[in-house]
Amino acid sequence: MHVEYEEFDSMEDIFSYMASVMPPMKNTMPINSYKGYVFAFIPLGHSNGDVYLMIYAKGTLDGRILEFDINTKVYKKVNAIERADKTYFIVMTPKRNTIADQAIKSLSS
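The model shown is predicted, which means the values in this text are computed figures rather than measured ones. (Residues numbered from 1 in each chain as written. Predicted model: local features only at pLDDT ≥ 70, side-chain atom pairs only at ≥ 80, totals over all residues. Heavy atoms only, no water.)

Q: Any chance you could explain the overall build of the protein here in plain terms?
A: Looking only at helices and strands, one finds two helices and seven strands in the protein. For the protein, whose C-alpha radius of gyration is 14 Å, the value lies close to the compact-globule estimate of 13 Å for 109 residues. Principal-axis analysis of the C-alpha atoms gives the protein an extent of 40 × 30 × 25 Å. Counting the 109 residues in the protein, one finds 39% classified as buried. Considering only contacts in the protein between residues 6 or more positions apart, those separated by 24 or more positions represent 59%. When the accessible surface of the protein is totalled, it reaches about 6800 Å², and 50% of it is carbon and sulfur. Side-chain charges in the protein split into 12 positive and 13 negative, and the spacing between the mean points of these groups amounts to 8 Å. (Helix = DSSP H or I, 4+ residues; strand = E, 2+ residues; numbered from the N terminus. Rg over C-alpha atoms; globule rule 2.2 N^0.38 Å. Buried < 20%, exposed > 50% of the residue type's maximum accessible area, 1.4 Å probe, protein only. Contact = heavy atoms within 4.5 Å. Areas by Shrake-Rupley, 256 points an atom, 1.4 Å probe, with all protein chains shown as cover. Lys, Arg positive; Asp, Glu negative; His and termini not counted. Charge placed at Lys NZ, Arg CZ, Asp CG, Glu CD.)

Structure, rendered in structure tokens:
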């Protein structure tokens, strides 16, 4: 497995990036909060799946569903996915993530 990295300064920048690459007609995506990083992995190879792009920022997120308005670059915690004109992120906080552990270790070295 090979991981490429793209670091952002803020959660809002990650959410803007993710919203811009999101498949059409889909307004929900998972995002991870793990070991002091907020990130998502994007597969770069369609055929073999061994190359990933990790987009990340240092920080943590709590809350299970975040509503993001790409026009104002503001996100907030919500209880339900209700609006088609907003983008939603489901915050995942894994107990263990071996792919992330390898990527974080590589970032630190």
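Resuming the write-up.
Q: Please clarify how the packing of aromatic side chains should be interpreted in this entry.
A: Any two aromatic rings considered together are summarised by their centre-to-centre distance and by the angle between their planes. Under the definition given, this model contains nine aromatic pairs. The interplanar angle of 85° and the centroid separation of 5.1 Å between the aromatic rings of Phe15 and Tyr75 together place this pair among those described as edge-to-face. Highlighted residues: Phe15 in helix H1 (residues 11-21) and Tyr75 in strand S6 (residues 74-78), separated in sequence by 60 residues. Note on Tyr37 and Tyr56: the rings are 5.8 Å apart at their centroids and 65° apart in plane angle, and the pair reads as edge-to-face. Pair noted here: Tyr37 is in strand S3 (residues 37-43) and Tyr56 is in strand S4 (residues 51-58), with a separation of 19 residues, a long-range link. (Phe/Tyr/Trp six-rings, centres within 6.5 Å; stacked < 30°, edge-to-face > 60°.)

Q: What is the right way to read H1 from this model?
A: It helps to recall that an α-helix has 3.6 residues per turn; residues three or four apart then point in one direction. Buried residues of H1: Met11, Ile14, Phe15, Ser16, Met18 and Ala19, and no others. On its buried side, H1 packs onto strand S2 (28-34), S3, S4, strand S5 (65-69), S6 and strand S7 (87-92).

Q: It is not clear to me how the side chain of Ser33 should be interpreted in this structure. Could you clarify?
A: Looking at the secondary structure, you find Ser33 in strand S2. A polar side-chain atom of Ser33 sits 3.0 Å from the main-chain amide nitrogen of Leu61. Ignoring anything within four residues of it in the chain, the contact list for Ser33 reads Val38, Thr60, Leu61, Val91, Met92, Thr93 and Pro94. (Polar contact = N/O pair within 3.5 Å; in protein donor to acceptor, adjacent residues only side chain to side chain.)

Q: It is not clear to me how the nonpolar core should be interpreted in this structure. Could you clarify?
A: Core analysis: the largest hydrophobic core is formed by 19 residues, its most contacted members being Ile14, Phe15, Met18, Ile31, Ile55, Leu61 and Phe89. When residues in this core are grouped by element, the largest group, four residues, is from H1. When sequence neighbours within four positions are dropped, the list of residues in contact with Leu61 reads Met11, Phe15, Ile31, Ser33, Val38, Leu66, Tyr75 and Val91. In terms of nonpolar packing, the next biggest core, distinct from the first, is built from nine residues, Val3, Phe39, Ala100 and Ala103 among them. (Core = buried A, V, L, I, M, F, W, Y, C linked by side-chain atoms within 4.5 Å.)

Q: What is the right way to look at the environment of Lys76 in this model?
A: Mapped onto the fold, Lys76 is located in strand S6. We classify Lys76 as partly exposed; its relative accessible area is 47%. Contact partners of Lys76, with chain neighbours within four places excluded, come to Ile65, Leu66 and Glu67.

Remember that the coordinates give geometry; whether it matters functionally is a separate question.
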